[in-house]
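Analysis of the macromolecular model
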Amino acid sequence: MDPKSQKVKLNDGHFIPVLGFGTYAPEEVPKSEALEATKFAIEIGFRHVDSAHLYQNDEQVGQAIRSKIADGTVKREDIFYTSKIWCTSLRPEFVRPALEKSLKNLQLDYVDLCIIHSPMSLKPGNEFVPKDESGKLIFDSVDFCHTWEALEKCKDAGLTKSIGVSNFNHKQLEKILNKPGLKYKPVCNQVECHPYLNQSKLLEFCKSHDIVLVAYAALGSQLSSEWVNSNNPVLLEDPVLSAIAKKHKQTPALVALRYQIQRGVVVLAKSFNKKHIKENMQVFNFELTPEDMKAIDGLNRNIRYYDFQQAIDHPEYPFSEEY
Ligand SMILES: NC(=O)c1ccc[n+]([C@@H]2O[C@H](COP(=O)([O-])OP(=O)(O)OC[C@H]3O[C@@H](n4cnc5c(N)ncnc54)[C@H](OP(=O)(O)O)[C@@H]3O)[C@@H](O)[C@H]2O)c1
């Protein structure tokens, strides 16, 4: 099957490709790498690109998409582009300006999906991670249901085709689903998800509400990132993943990606390395057996790479709930 045609239907009728290209890279990585990697990813068949204002490379990612449209590789409608509203823009009056700023950086007329990056609001301003003199994060108090209403208006205005959330636990999702006057349900919840944190309960909850779970850090995250708790074991060195990979003549990375697709999860894979980018597209060329899936399910051990410990006292800190 042509990998580009593997999509799932969202609850608003739009379609999302099941494999997405992650574009976050730690600050020290030159921005030009995002440009080259995104162009290459589109050339070899990625049609879903995940980005965010926070990553500070959306200008380059937008440039890559536009250059691949200009040279005839793709049309705009072939690309599924995701943007995110960062924690410092969750006050309802800041939502549309934040999305408009992303569109300006991208030089695109619309995004396909815009999601609330996290339910935890932080003090508005130019600092992505606002801190006081003692180094403590400065929280803001915003009801994310009001953020959601502002996002619904962005959809109505045509700035984004679909709207969703990220890093929400099931209670926070429920709060939106039960909101009086809800106009649109979230189409997705993008969360950390990999064999060491397989999110089986959250996945079941999402499926029961026709919400797609999108997996980030599916390859075990980027351990050099300031956001990542690097005391955790390295996922791609796991012996069970390695043995299954060997059996199928594949790699542990491909097994970790394939695992998600077979359980109905849309999966993101970040790589700025051409060999890896090309390899990751091979996820459509093999199948895991039910026994393989079970063995990978057995690796679950509640390891969270992006634990955002600094925000643990935030009233909306999502990761204290079981799921
Ligand atoms: N919503 C959120 O809060 C949130 C949080 C984190 C991430 N995200 C999104 O999810 C995306 C993916 O998550 P992530 O960035 O944490 O990384 P990831 O997809 O788990 O990848 C981790 C690392 O794996 C390496 N890799 C990729 N393909 C490989 C392969 N075939 N073999 C061996 N190694 C391979 C990459 O290094 P190379 O570049 O050297 O290949 C990359 O640095 C992000 O880029 C971002 O778009 C969202």
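Before reading further, recall that the structure is shown in the block above.
I will try to describe carefully the structure that is included in this document. (Residues numbered from 1 in each chain as written. Predicted model: local features only at pLDDT ≥ 70, side-chain atom pairs only at ≥ 80, totals over all residues. Heavy atoms only, no water.)

Next up on the list: the overall build of the chain. The number of helices and strands found in the chain is 10 helices and 10 strands. For 323 residues, the compact-globule formula gives about 20 Å, and the C-alpha radius of gyration of the chain, at 19 Å, lands near that figure. Burial status across the chain gives 56% buried among its 323 residues. Total accessible area on the chain is roughly 14100 Å²; 48% of this is exposed by carbon and sulfur atoms. Of the charged side chains in the chain, 40 are positive and 42 negative, and the gap between their average positions amounts to 4 Å. (Helix = DSSP H or I, 4+ residues; strand = E, 2+ residues; numbered from the N terminus. Rg over C-alpha atoms; globule rule 2.2 N^0.38 Å. Buried < 20%, exposed > 50% of the residue type's maximum accessible area, 1.4 Å probe, protein only. Areas by Shrake-Rupley, 256 points an atom, 1.4 Å probe, with all protein chains shown as cover. Lys, Arg positive; Asp, Glu negative; His and termini not counted. Charge placed at Lys NZ, Arg CZ, Asp CG, Glu CD.)

What follows deals with the site of the ligand. For the ligand, the set of nearby residues contains 29 residues, the closest of which are Asp50, Gln222, Ser271, His276 and Tyr306. Asp50 places a polar side-chain atom, nitrogen or oxygen, 2.6 Å from an oxygen atom of the ligand. Within the side chain of Lys270, one N or O atom sits 2.8 Å away from an oxygen atom of the ligand. When isolated, the ligand has an accessible area of 910 Å², and the protein chains bury 87% of it. The pocket occupied by the ligand, as judged from atoms lying within 2 Å of grid points, is the largest pocket. (Near = heavy atom within 4 Å. Polar contact = N/O pair within 3.5 Å; in protein donor to acceptor, adjacent residues only side chain to side chain. 1 Å grid on protein atoms, 1.4 Å probe; cavity = no way out; pocket = protein on both sides within 12 Å on 5 of 7 lines; lining within 4 Å. Sits in = over half its atoms within 2 Å of the grid points.)

Attention shifts here to the pairing of strand β6 (residues 111-116). In terms of burial, β6 is largely enclosed, as six of its six residues are buried. One ladder, built from four bridges, connects strand β5 (residues 80-85) with β6; its direction is parallel. Bridge assignment links Thr82 to a residue of β6, and that residue is Leu113. In this fold, the crossover linking β5 to β6 by way of helix α3 (residues 92-106) has right-handed handedness. Examined bridge by bridge, β6 and strand β7 (residues 160-166) share five bridges and lie parallel to one another. Along β7, the bridge assignment pairs Ile115 with Gly164. (Pairing = 2+ DSSP bridges. Right-handed = clockwise from strand over helix to strand, strands pointing away.)

One pass over the full model with this rule turns up seven aromatic pairs. With centroids separated by 5.7 Å and ring planes inclined at 80°, the aromatic side chains of Trp86 and Trp227 adopt a geometry described as edge-to-face. Taken as a pair, Trp86 in the loop between β5 and α3 and Trp227 in the loop between β9 (212-216) and α7 (239-248) lie far apart in primary sequence, 141 residues in all. Of the two residues, Trp86 and Trp227, both sit in the buried class. (Phe/Tyr/Trp six-rings, centres within 6.5 Å; stacked < 30°, edge-to-face > 60°.)

This part covers the pattern of salt bridges. Counting across every chain of the model gives 14 salt bridges. Close ionic contact of Lys171 with Glu321 constitutes a salt bridge, the shortest N to O distance being 3.3 Å. Taken together, the residues Lys171 in helix α5 (residues 170-177) and Glu321 in the segment after α10 (290-297) connect sequence positions 150 residues apart. Residue Glu321 is classed as partly exposed on the basis of its relative accessible area of 30%. Salt bridges sharing common partners tie together Glu43, Lys68 and Asp71. (Salt bridge = Lys/Arg side-chain N within 4 Å of Asp/Glu carboxyl O.)

A word on the state of the cysteines. This model, assessed by the stated rule, comprises zero disulfides. This cysteine, Cys114, is not joined by any disulfide, and Cys154 carries the nearest cysteine sulfur, 6.5 Å off. Note on Cys114: relative accessible area 0%, which makes it buried. (Disulfide = S-S within 2.5 Å.)

The subject of this paragraph is the environment of Met281. Considering the arrangement of structural elements, one finds Met281 in the loop between α9 (274-280) and α10. On a C-alpha basis, the gap between Met281 and Phe46 in space is 7.5 Å, while along the polypeptide they are 235 residues apart.

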